[in-house]
Amino acid sequence: MLAQATVNGILLGGLYGLATVGFSMVWGVMGVINLAHTSFIMLGAYVTYFLFEKLGMDPIVSMPFAMAAMFVLGYGIQRFILNGVIRTSLLLSLVVTFGIDLVLTDATILAFTSDVRSVNASYASTSVAMFGTLVPLVRLLAAGMSLVLGVAFFVFLRRASLGQAILATALDREMSNLMGINPQKVFALTAGAGAALAGAAGSLSSMLFPVSPTMGVSFIAAVFVITVLGGIGSVEGCIVAGFLYGLVQAWAAYFLGTSYQEIVAFALFLAVLILRPQGLFGRAFFGEHA
Amino acid sequence: MSGTAVLERPAKVPVFRPVVWMAVAVGLVVLCLAPLGISAYWLRVLTTVLMYVVITQGLNVIVGITGYHAFGNGVFFGIGAYACGSSMAAGAPFAAGVLAAVAVSAACALILGWPILRLKGHYFAIATVALNLAAIQIVIQIGGITGGAQGLALPLSTWEPKPLYVAIYYLMLAGAVVSTAIVALLLKLPLGFALRAIRDSERAAAVMGIDTTKAKVFAWAISAAMTGFAGGVWAYWITFIEPSSAFDPGVGVKAYIMLIIGGMGSILGPVIGAFVLEIVSTLVWGGFLKAHQLILGLLIIVICIVAPNGIVDAGTRLARSWRSRHGAA
């Protein structure tokens, strides 16, 4: 039983890690806490649901479409709303993104009603035997794809020139501006990429969880805890912290009971914030210009 | 941060002073007489508005004056509600319950403030949100006198509903007046100067000899006491509380938006913000039953873009630019 709980927790943690990467990057690069981030996850799941229902498209195949749609949305919101707001006050962005979250959630309810939907791929009930445990194939797929996307984004930041521009802006905004990098464009690009990754996480989670306009709420705690645990703005930290968070949650449920899961998560969160605010793996410079 | 916004603010034009005092006096008289002539529905709406005046003034102390963005200050609303509810369930009278609400909330802020107020900027903001969310789970786990996940029913009053609701209205009105007076007084006291110095530059304040930790913790305790009062009275008003309604993060977030609408760090800003947002959202709710959240969200976005320093500030700016264009002749 313990082995089963451990494997399930780790696999779920992979998905949580991917759901957090975009949020953490946006916070690290421009200091914005994007409360609408979980709405991007929810909308990504709806894109997948829609394509699955209308065209019978497999969630893995429709994931790029969800990512593209969320990239456009994230880019647009940053370009036309948030870039103007963060020039006046950073903390105002907290309120604005709260407003955006209200709008996106309510628009989804109006468009799709608040009915709970589900995406049942043909292999939804298949399981794989691993280390003496039975692992559902969809969970394995979700964790695997999450890891692939996380690593791909990490490589993109380190190798591609656009990624380098994002990292440079996170490190020193004024200096990167002097080097010919336009921070406004980098911000929009980061927000778009962050939203795209959230959309991918939504796509993958539609195979695991029911799809509803309020499904994003269940990600909020995980997203905050993993961001702080991994170090703000650190992709590799996010991925590792995601697995760690999944493991801690699974063990808390196993040893203490499911009702203690949240308490353990928040205790971990507050402890890390107070004792090691740069996160377990982060360095102190990211997100410091808040 | 908020420091720059304050530096930009011009010296107050003295001509406005008497007008403001007149408006405050007229407003108070109207609010005192209001229960005589309005329906039960609008009495409820106005009581909610006044409750939010108290909560927003509490937030004003820590956010507007001290510059620590306690996004999850609603935690003290819940603590107040549960302190009042639990002590009344144990047999204490309502007055003792409200006192307990104020005292327990302030004590919690004193204890929690010590480690948490060391965090700055966003870190402090989200730590308070985590506190708010954790409180829901903690109350569920404690169970016992708090009622746990099943919620807590407060003893019913022996009064008739109508005079009881009017009494609670006046209690909230008194709370709103007192909390506004506390903010006005605080701005005149040395503590208020210390807090504003911390907001503009914490390091400079420390260099000037201010015990910044002590000042910040005191400020949060005052803020928590006000918020706890609102929570305690609210608990008796609705007579049934549960963890997710008492510790609703929306309470703190809504007060934060009201503070932005009214203008941070001012005395009357939170009052204006509470009235504007609550009455507008009530009207929107009535007019657009399905899309009210969408419209509220759009409203928040537009206000933050158009008037990031509050509608009072935006209004005076607009008036000044209009006068410099037309009134010069």
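Residues numbered from 1 in each chain as written. Chains lettered and ligands numbered in written order. Predicted model: local features only at pLDDT ≥ 70, side-chain atom pairs only at ≥ 80, totals over all residues.

1. Topic: the overall build of chain B
Argument step 1. Scanning chain B from terminus to terminus reveals 15 helices and two strands.
Argument step 2. The C-alpha radius of gyration of chain B comes to 20 Å, within 12% of the 20 Å expected for a compact globule of 329 residues. (Helix = DSSP H or I, 4+ residues; strand = E, 2+ residues; numbered from the N terminus. Rg over C-alpha atoms; globule rule 2.2 N^0.38 Å.)

2. Quick notes on the overall build of chain A
Argument step 1. Summing up its helical and strand segments, chain A has 11 helices and two strands in all.
Argument step 2. Listed by position from the N terminus, the elements making up chain A come as α-α-α-α-β-β-α-α-α-α-α-α-α.
Argument step 3. Relative to a compact globule of 290 residues, whose C-alpha radius of gyration would be 19 Å, chain A shows 18 Å and is just as compact.
Argument step 4. By its C-alpha atoms, chain A is 55 × 45 × 35 Å across when sized along the principal axes.
Argument step 5. The burial tally for chain A puts 54% of its 290 residues in the buried class.
Argument step 6. Across chain A, every contact between residues at least 6 apart in sequence was considered, and the portion connecting residues at least 24 apart equals 79%. (Buried ≥ 20, exposed ≤ 12 C-beta atoms within 10 Å, placed from the backbone. Contact = placed C-beta atoms within 7 Å.)

3. Quick notes on unusual backbone geometry
Argument step 1. At T113 of chain A, a position not held by glycine, the phi torsion is positive, near 60 degrees.
Argument step 2. With respect to the helices and strands, T113 of chain A occurs in the loop between α4 (92-112) and β1 (127-130).
Argument step 3. Overall, the presence of 11 C-beta atoms within 10 Å leaves T113 of chain A in the exposed class.
Argument step 4. Despite not being glycine, T239 of chain B shows a phi value in the positive range, around 60 degrees.
Argument step 5. Here T239 of chain B shows up in the loop between α10 (212-238) and β2 (240-241).

4. A short note on the environment of L152 of chain B
All names here are of chain B.
Argument step 1. Inspection of the secondary structure puts L152 in strand β1 (residues 152-153).
Argument step 2. Along the backbone, L152 and T239 are 87 residues apart, and their C-alpha atoms lie at a distance of 8.3 Å.
Argument step 3. Apart from residues lying up to four places away in sequence, L152 is in contact with G85, S86, A89, T146, G147 and I241.

5. Regarding α4 of chain A
Residues and elements named next belong to chain A.
Argument step 1. The first and last C-alpha atoms of α4 sit 30 Å apart over 21 residues, in line with the 30 Å expected at 1.5 Å per residue.
Argument step 2. Burial runs high along α4: 16 of the 21 residues are buried.
Argument step 3. Phi turns positive, to about 60 degrees, at T113, one or two residues after α4. (Expected span 1.5 Å × (residues − 1).)

6. Side note on the packing of helix α8 (residues 190-200) of chain B against α10 of chain B
All names here are of chain B.
Argument step 1. At a minimum axis distance of 10 Å, the contact between α8 and α10 shows a crossing angle of 110 degrees. Classified by the angle between their axes, α8 and α10 sit roughly perpendicular to one another. Counting all contacts with α8, which are made through L191, A194, L195 and I198, the residues of α10 involved are T212, A215, K216, F218 and A219.
Argument step 2. Residues belonging to the contact of α8 with α10 are distributed by class as follows: seven nonpolar, one polar and one charged. (Axes fitted to C-alpha atoms, helices over the stretch in contact; angles between N-to-C directions. Parallel < 35°, antiparallel > 145°, perpendicular 65-115°, else oblique. Nonpolar A, V, L, I, M, F, W, Y, C, P; charged D, E, K, R; others polar.)

7. Overview of the confidence of the model for chain B
Residues and elements named next belong to chain B.
Argument step 1. Overall, the predicted model of chain B reaches an average pLDDT of 86, with 94% of residues at or above 70.
Argument step 2. Predicted confidence is poor over residues 1-8, with pLDDT under 50, and the contacts of this stretch with residues over four places away or in other chains come to 13 contacts.
Argument step 3. On the interface metric, ipTM, the complex scores 0.79, and its pTM is 0.82. (pLDDT = per-residue confidence, 0-100.)

8. Quick notes on the pairing of β1 of chain A
Residue and element names in this part refer to chain A.
Argument step 1. Where β1 lies against strand β2 (residues 133-136), four bridges are found, and the strand directions are antiparallel. Bridge pairing in β2 places M130 opposite T133.
Argument step 2. What sits between the antiparallel neighbours β1 and β2 is a turn of two residues, in which F131 has the positive phi angle 50 degrees. (Pairing = 2+ DSSP bridges.)

9. Details of the environment of V253 of chain B
Argument step 1. Within the secondary structure layout, V253 of chain B lies in helix α12 (residues 249-262).
Argument step 2. A count of 21 C-beta atoms within 10 Å places V253 of chain B in the buried class.

10. Some remarks on the interface of chain B and chain A
Argument step 1. Listed as interface residues are 36 residues of chain B and, on the opposing side, 33 residues of chain A.
Argument step 2. Looking at the side of chain B that touches chain A, the elements with two or more residues in it are α1 (2-8), α6 (121-142), α12 and α14 (292-306) of chain B.
Argument step 3. Residue contributions to the side of chain B that touches chain A peak at 13 residues, all from α6 of chain B.
Argument step 4. Tallied by class, residues from the side of chain B that touches chain A come to 27 nonpolar, eight polar and one charged.

11. Some thoughts on helix α1 (residues 2-30) of chain A
Residues and elements named next belong to chain A.
Argument step 1. Spanning 29 residues, α1 covers 41 Å between terminal C-alpha atoms, matching the ideal 42 Å at 1.5 Å per step.
Argument step 2. Within α1, the axis deviates most sharply at T20, by approximately 30 degrees.
Argument step 3. With 23 of its 29 residues buried, α1 lies for the most part within the structure.
Argument step 4. Taken from the residues just after α1, G31 is the one with a positive phi, measuring 75 degrees. (Bend = angle between axes of the 7 residues up to and from the residue.)

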